[in-house]
Amino acid sequence: MSFALLRSHGRPALAVIERQVRALSSTLAITDISATSSSAAAVKPTTGENNRNYLKNSKPSFVSTSVRKYSKKTAAPERAYNSDSDSDSDDERDNTPRQRQRKERGNTEFWRRKMRTLHGVLDVNKDGVISYDDFMLLTEKFASLGHLDAKAKNEFRDIMRTTWEQQWGEITPYNLVTVEQYLTEMHHVVNDKDLKKKVHRFLPYLYKAVDKDRSGSISLNEFKLFFRCLGLTEENAAVSFAVIDKNGDGQITLDEFVKLGKDFFVSEKETHVSRMFWGPLVDH
């Protein structure tokens, strides 16, 4: 009977307790939300110095993200700019076979015309080939003018001998250089950094040989002497002198002479004044 009484009165009491627990839980949740709102309001000042402090404290996370993104975007262009500055030209950066071929000297018909012209000048005995005898004949023609002292004559002969041995090999009557062999060798010379520096080293001796008054510059008459030693006419000399005397002062200095002679070997511009250095060009 006691157990039955407990069951009949306990169920209403349990229901009351459950309703009170739910009400208490709702009250606690509302209190937490209010506390959070109050805390946020306390952290975020709205006026004066407190407002500036808030902006200062809240700004870094936004700025740092922006900076990281900016750095990633600008890194690539900066590397590209540095790479560009390390290279002299776009052609040098392009390493395709076509671009490498375009950078080579001596591939134009105009340049080959110039080399055929010079081959004809160096073929002193006019037998169609260049030999060591031709080199020595040319040397003696300039030396016999009498404008070189004994030391300069010996240096001139040594330079011509060394030039022959380095370019053409042994000194024998059978070592003969045809036009095609000359073109092939000179193509190699103008594309070799070290050989290109030596190709004109005999020119100062030619200059000194015709500078008969030793004034340090040569006039038209002295240039005619230069052409006469090459087997060319005075008319050829007058035409060439008018072209290469760019400033029109009637004189060519040693530096100008050597530079023009060097440019003849390496330049492929058909309008360059050096084209007339060794006389009129052959037709083909």
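Residues numbered from 1 in each chain as written. Predicted model: local features only at pLDDT ≥ 70, side-chain atom pairs only at ≥ 80, totals over all residues. Heavy atoms only, no water.

Draft legend 1. Up close: the overall build of the protein chain. Counting its regular elements, the protein chain contains 14 helices and 2 strands. When burial is assessed residue by residue, the protein chain has 30% of its 284 residues classed as buried. The long-range fraction of contacts in the protein chain, counting pairs at least 24 apart against all pairs at least 6 apart in sequence, stands at 61%. (Helix = DSSP H or I, 4+ residues; strand = E, 2+ residues; numbered from the N terminus. Buried < 20%, exposed > 50% of the residue type's maximum accessible area, 1.4 Å probe, protein only. Contact = heavy atoms within 4.5 Å.)

Draft legend 2. Looking closely at the pattern of salt bridges. Summed over all chains, the structure comprises 6 salt bridges. Across the pair Glu-109 and Arg-112 runs a salt bridge, and its minimum N-O distance is 3.3 Å. Of this pair, Glu-109 and Arg-112 both sit in helix α6 (residues 109-122), 3 residues apart, which is roughly one turn of the helix. By relative accessible area, Arg-112 is classed as partly exposed at 27%. Lys-259 is paired through a salt bridge with Asp-263; the nearest N and O atoms lie 2.8 Å apart. Highlighted residues: Lys-259 and Asp-263, both in helix α14 (residues 254-266), separated by 4 residues, approximately one helical turn. Of the residues examined, Lys-259 reaches a relative accessible area of 52% and is grouped as exposed. (Salt bridge = Lys/Arg side-chain N within 4 Å of Asp/Glu carboxyl O.)

Draft legend 3. Geometry of helix α7 (residues 132-143). Under the 1.5 Å per step criterion, the end-to-end length of α7 is 16 Å for 12 residues, consistent within 8% with the ideal 16 Å. Residues of α7 that are buried include every one of Tyr-132, Asp-134, Phe-135, Met-136, Leu-138, Thr-139, Phe-142 and Ala-143, and no others. Those residues of α7 that are buried lie in contact with α6, α8 (150-168), α11 (203-210) and α12 (220-229). (Expected span 1.5 Å × (residues − 1).)

Draft legend 4. The arrangement of a positive patch on the surface in detail. Where like charges cluster on the molecular surface, the positive patch consists of Arg-105, Lys-193, Lys-197 and Lys-262. Relative to the assigned elements, Lys-197 resides in helix α10 (residues 193-198). Judged by relative accessible area, Lys-197 falls into the exposed class, the value being 54%. (Patch = residues over 30% accessible without salt bridge, like charges linked within 9 Å, V, L, I, M, F, W, Y side chains within 5 Å. Areas by Shrake-Rupley, 256 points an atom, 1.4 Å probe, with all protein chains shown as cover. Lys, Arg positive; Asp, Glu negative; His and termini not counted. Charge placed at Lys NZ, Arg CZ, Asp CG, Glu CD.)

Draft legend 5. Main features of the nonpolar core. With 56 residues, the main nonpolar core has Phe-142, Tyr-182, Phe-223, Phe-226, Phe-257 and Trp-278 as its most contacted residues. Residue assignment for this core shows that the elements contributing at least two residues are α6, α7, α8, α9 (179-190), α11, α12, α13 (234-244) and α14. Discounting chain neighbours no more than four positions away, the residues touching Phe-142 are Phe-156, Leu-206, Ala-209, Val-210, Phe-226, Cys-229 and Leu-230. (Core = buried A, V, L, I, M, F, W, Y, C linked by side-chain atoms within 4.5 Å.)

Draft legend 6. View of α9. Between its first and last C-alpha, α9 extends 16 Å over 12 residues, near the 16 Å set by a 1.5 Å rise per residue. All of the buried residues in α9 are Tyr-182, Leu-183, Glu-185, Met-186, Val-189 and Val-190. Elements that come into contact with the buried residues of α9 comprise α6, α8, α10 and α14.

Draft legend 7. Quick peek at the packing of aromatic side chains. Enumeration according to the criterion identifies 18 aromatic pairs in this entry. On the numbers, 6.2 Å between centres and 50° between planes, the contact of Trp-164 with Trp-168 is tilted. Taken as a pair, Trp-164 and Trp-168 lie in helix α8 at a separation of 4 residues, close to a single helical turn. For Trp-168, a relative accessible area of 14% corresponds to the buried category. The rings of Phe-142, Phe-202, Tyr-207, Phe-223, Phe-226, Phe-227, Phe-241, Phe-257, Phe-277 and Trp-278 are connected pair by pair, giving a single aromatic cluster. Between Lys-114 and the ring centre of Phe-264, over which it is positioned, the NZ or CZ distance is 5.1 Å. Lying across the ring of Tyr-205, Lys-208 places its NZ or CZ 5.9 Å from the centre. (Phe/Tyr/Trp six-rings, centres within 6.5 Å; stacked < 30°, edge-to-face > 60°. Lys NZ or Arg CZ within 6 Å of the ring centre and 35° of its normal.)

Draft legend 8. Fine view of the confidence of the model for the protein chain. Averaged over every residue, the pLDDT of the protein chain is 76; the share at 70 or more is 64%. pLDDT under 50 marks residues 1-10. Its contacts with residues more than four places away, or in other chains, come to 0 contacts. In this model, residues 28-95 is a region of pLDDT below 50 whose contacts with residues beyond four sequence positions or in other chains number 15 contacts. (pLDDT = per-residue confidence, 0-100.)

Draft legend 9. Structural detail: the packing of α6 against α14. At their nearest, the axes of α6 and α14 sit 8 Å apart, and the two run at 120° to each other. Overall, the two elements α6 and α14 adopt an arrangement that is oblique. Seen from α6, the contacting residues are Trp-111, Lys-114, Met-115 and Leu-118; seen from α14, they are Asp-263, Phe-264 and Phe-265. Across the contact of α6 with α14, the residue classes tally to 5 nonpolar, no polar and 2 charged. (Axes fitted to C-alpha atoms, helices over the stretch in contact; angles between N-to-C directions. Parallel < 35°, antiparallel > 145°, perpendicular 65-115°, else oblique. Nonpolar A, V, L, I, M, F, W, Y, C, P; charged D, E, K, R; others polar.)

Draft legend 10. The side chain of Asp-263, seen in detail. Residue Asp-263 is classed as buried on the basis of its relative accessible area, which comes to 12%. If we ignore the near neighbours within four places in the chain, the residues touching Asp-263 are Lys-114, His-272 and Ser-274.

Draft legend 11. The arrangement of the environment of Glu-256 in detail. With respect to the helices, strands and loops of the structure, Glu-256 is situated in helix α14. Taking the relative accessible area as the measure of exposure, Glu-256 reaches 31% and is therefore partly exposed. For the pair Glu-256 and Lys-246, spaced 10 residues apart in the sequence, the C-alpha separation amounts to 9.9 Å. Each residue touching Glu-256, except ones within four places of it in the same chain, is listed here: Asn-247 and Gln-251.

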